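# Structural characterization, general
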Amino acid sequence: MVDLLGQYQRIQPEIDDSIRQVIESTEFIQGPAVRQFEQELSAYAGGTPTVTCGNGTDALQIAMMALGLKPGDEVILPVHTYVATAEVIALLRLSPVFVDVNPNTFTLDPAKLEGLITSRTRAIVPVHLYGQCADMEPILAVASQHQLHVIEDAAQSLGARYRFRDGRQVFAGTLGTVGTTSFFPSKNLGAFGDGGAMFTREEKLAATLRMIANHGQRQKYQHDLVGVNSRLDTLQAAILRVKLRHLDEYESRRRAVADFYDAHLAGLAFLETPYRAPYSTHVFHQYTLRTRGVDRDALKDYLQKKGIPSMIYYPIPLHLQAAYRKADKPEGSFPVTEELSRSVLSLPIHTEMDEEQLSYICEALARFA
Ligand SMILES: *Cc1c(COP(=O)(O)O)cnc(C)c1O
């Protein structure tokens, strides 16, 4: 699905040099590369203050802690997402309230929000899934009307831009109260281990995020808040500084792969190529097809036999997972997500794919028909 070795080899001297510098400095925790990376990532994200942390799951947790969400508070999130989004809500003893997604965009359906809001609702967590922004303008409108926080999960969409109806473009993760992202190795900006970051335009909130990520301390041994130990390693920051300089190029390589797939798969009646929403750019973390009238799992097996990897994101919807099941949300409660769990299939997409690989995959798919 990805070629992390090939990607490393193209920038090996730069990466090796920055790793060596950290090792020789021995400043493994909170070394200067961490703040430098934060500043560079902030500049990349339109100047939004940025705080790094240990991973993208912690980023969501720290955001919810910093907003002072209390046990029993309800947090609305799409049911079609990676488990981390729901996990931190449950872990903090908040109450996850699932909402179905739009079948074309795979993201939270804003039309379904109003009916879910109660006196206990505190926040909405839109997930910018597969590399494209959720439709933020209506989500922000509902949030503002009900005075709810918006925590954007931009783990899969760093670099995507949301287009407001008036033409304004804003980076994913910088539209709501707080935005979070992940540097898991296979994400669009991947570290050589775990990493994460949070964005917020509110300076005071940024300071709180920073404290919580580092044991709630304002300065060493002065703990004003209950926090966690979730810091980005200096080594990862040094690696990410190098890779951030290549992120725009990585994005255009991914888009070229998506364009190739679109052009070569458009004629196949049993596949629906990804919808590109008019309100978002797409950074193609995933290239996710919907299958139609064929057995998706048989297609996956067929590709596997041809040496072509593919993945299902996500095979079991969250409301049907043992850890998140609720009696009042049985199978059938979220029909779009349930249908997607049976029909989606993601093809390999990464920065190192060449035309030969792409042609091979597209020809194999054409022959499946
Ligand atoms: C990857 C991911 C996360 C979690 O990030 P980690 O760095 O792996 O903890 C959260 N939400 C979504 C949508 C993700 O894809």
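Our subject is the structure that appears above.
### Brief notes about the sheet that holds strand β13 (residues 287-291)
Reading across from one edge, β12-β13-β14 is the order of the three strands in this open sheet, with antiparallel pairing throughout. Each edge of the sheet is formed by a strand with only one pairing partner; in this case those strands are β12 (271-272) and β14 (344-347). Pairing geometry for β13 and β14, over four bridges, is antiparallel. For Thr-288, the partnering residue across the bridge sits in β14 and is Ser-346. In the packing of helix α9 (residues 247-265) onto the sheet, contacts are made with β12, β13 and β14, and the angle to β13 comes to roughly 25 degrees. Sheet strands in contact with helix α11 (residues 335-343) are β13 and β14, and its direction is about 100 degrees off that of β13.

### Some remarks on the packing of α9 against helix α12 (residues 355-368)
The N-to-C vectors of α9 and α12 enclose an angle of 30 degrees; their axes lie 10 Å apart at closest approach. Relative to α12, α9 is oriented roughly parallel. The handedness of the crossing between α9 and α12 is right-handed. Counted together, Val-257, Phe-260, Tyr-261, His-264 and Leu-265 of α9 and Glu-355, Leu-358, Ser-359, Ile-361, Cys-362 and Leu-365 of α12 form the full contact between these two elements. Along the lines of polarity and charge, the residues of the contact of α9 with α12 split into eight nonpolar, two polar and one charged.

### So, the packing of helix α2 (residues 12-25) against helix α8 (residues 234-244)
As a packed pair, α2 and α8 sit with axes 9 Å apart at the nearest point and diverge in direction by 150 degrees. In this view, α2 runs roughly antiparallel relative to α8, as classed from their interaxial angle. As α2 runs across α8, the sense of the crossing is right-handed. For the pair α2 and α8, contact is made by Glu-14, Ile-15, Ser-18, Ile-19, Val-22 and Ile-23 and by Thr-234, Leu-235, Ala-238, Ile-239, Val-242 and Lys-243, respectively.

### Re the sheet that holds strand β4 (residues 121-124)
Reading across the sheet, the seven strands line up as β1-β9-β8-β5-β4-β2-β3 and stay open at both edges, with mixed pairing between neighbours. Across the chains shown, the open sheet's two edge strands, defined by having one partner strand only, are β1 (50-53) and β3 (95-99). Pairs of neighbouring strands in the sheet enclose a mean axial angle of 25 degrees, with direction left out of account. Bridge count between strand β2 (residues 74-78) and β4: three bridges; the pairing is parallel. Its bridge partner being in β4, Val-75 is matched across the sheet by Ala-123. In this fold helix α4 (residues 56-66) packs onto β1, β5 (149-153), β8 (178-182) and β9 (196-199), with an angle of close to 165 degrees to the strand it touches most, β8. Where helix α5 (residues 83-91) meets the sheet, it contacts β2, β3 and β5, and its direction lies at approximately 170 degrees from that of β2.

### Thoughts on the site of the ligand
Neighbouring the ligand are 15 residues; Gly-56, Thr-57, Asp-153, Ser-182 and Lys-187 lie closest to it. One nitrogen or oxygen atom from the side chain of Gln-156 is found 2.8 Å from an oxygen atom belonging to the ligand. With respect to the ligand, the side chain of Ser-182 contributes an N or O atom lying 2.7 Å from an oxygen atom. Contact with the protein chains hides 93% of the accessible area of the ligand, taken as 380 Å² for the molecule alone. Cavity membership is defined here by more than half of the atoms lying within 2 Å of grid points; on that basis the ligand lies in the largest pocket. For the shell around the ligand, the secondary structure elements donating two or more residues are α4 and α5. The residue inventory of the shell around the ligand, partitioned by class, reads five nonpolar, eight polar and two charged.

### A few points about unusual backbone geometry
One can expect most non-glycine residues to show negative phi and most peptide bonds to be in trans. Going from Tyr-313 to Tyr-314, the amide bond is cis rather than trans, its omega being 10 degrees. As for its position among the elements, Tyr-314 is in the loop between α10 (296-305) and α11. Positive phi is not limited to glycine here, since Arg-93 has a value of about 60 degrees. Positionally, Arg-93 belongs in the loop between α5 and β3. Of the residues examined, Arg-93 reaches a relative accessible area of 64% and is grouped as exposed. Positive phi, normally seen in glycine, also occurs at Gln-147, with a value near 55 degrees. Tracing the backbone through its elements, the reader meets Gln-147 in the loop between α6 (136-145) and β5. Since its relative accessible area comes to 75%, Gln-147 is described here as exposed.

Conventions and cut-offs
- Residues numbered from 1 in each chain as written.
- Predicted model: local features only at pLDDT ≥ 70, side-chain atom pairs only at ≥ 80, totals over all residues.
- Heavy atoms only, no water.
- Pairing = 2+ DSSP bridges.
- Helix = DSSP H or I, 4+ residues; strand = E, 2+ residues; numbered from the N terminus.
- Contact = heavy atoms within 4.5 Å.
- Axes fitted to C-alpha atoms, helices over the stretch in contact; angles between N-to-C directions.
- Parallel < 35°, antiparallel > 145°, perpendicular 65-115°, else oblique.
- Left-handed = near helix turned anticlockwise from the far one by under 90°.
- Nonpolar A, V, L, I, M, F, W, Y, C, P; charged D, E, K, R; others polar.
- Near = heavy atom within 4 Å.
- Polar contact = N/O pair within 3.5 Å; in protein donor to acceptor, adjacent residues only side chain to side chain.
- Areas by Shrake-Rupley, 256 points an atom, 1.4 Å probe, with all protein chains shown as cover.
- 1 Å grid on protein atoms, 1.4 Å probe; cavity = no way out; pocket = protein on both sides within 12 Å on 5 of 7 lines; lining within 4 Å.
- Sits in = over half its atoms within 2 Å of the grid points.
- Buried < 20%, exposed > 50% of the residue type's maximum accessible area, 1.4 Å probe, protein only.

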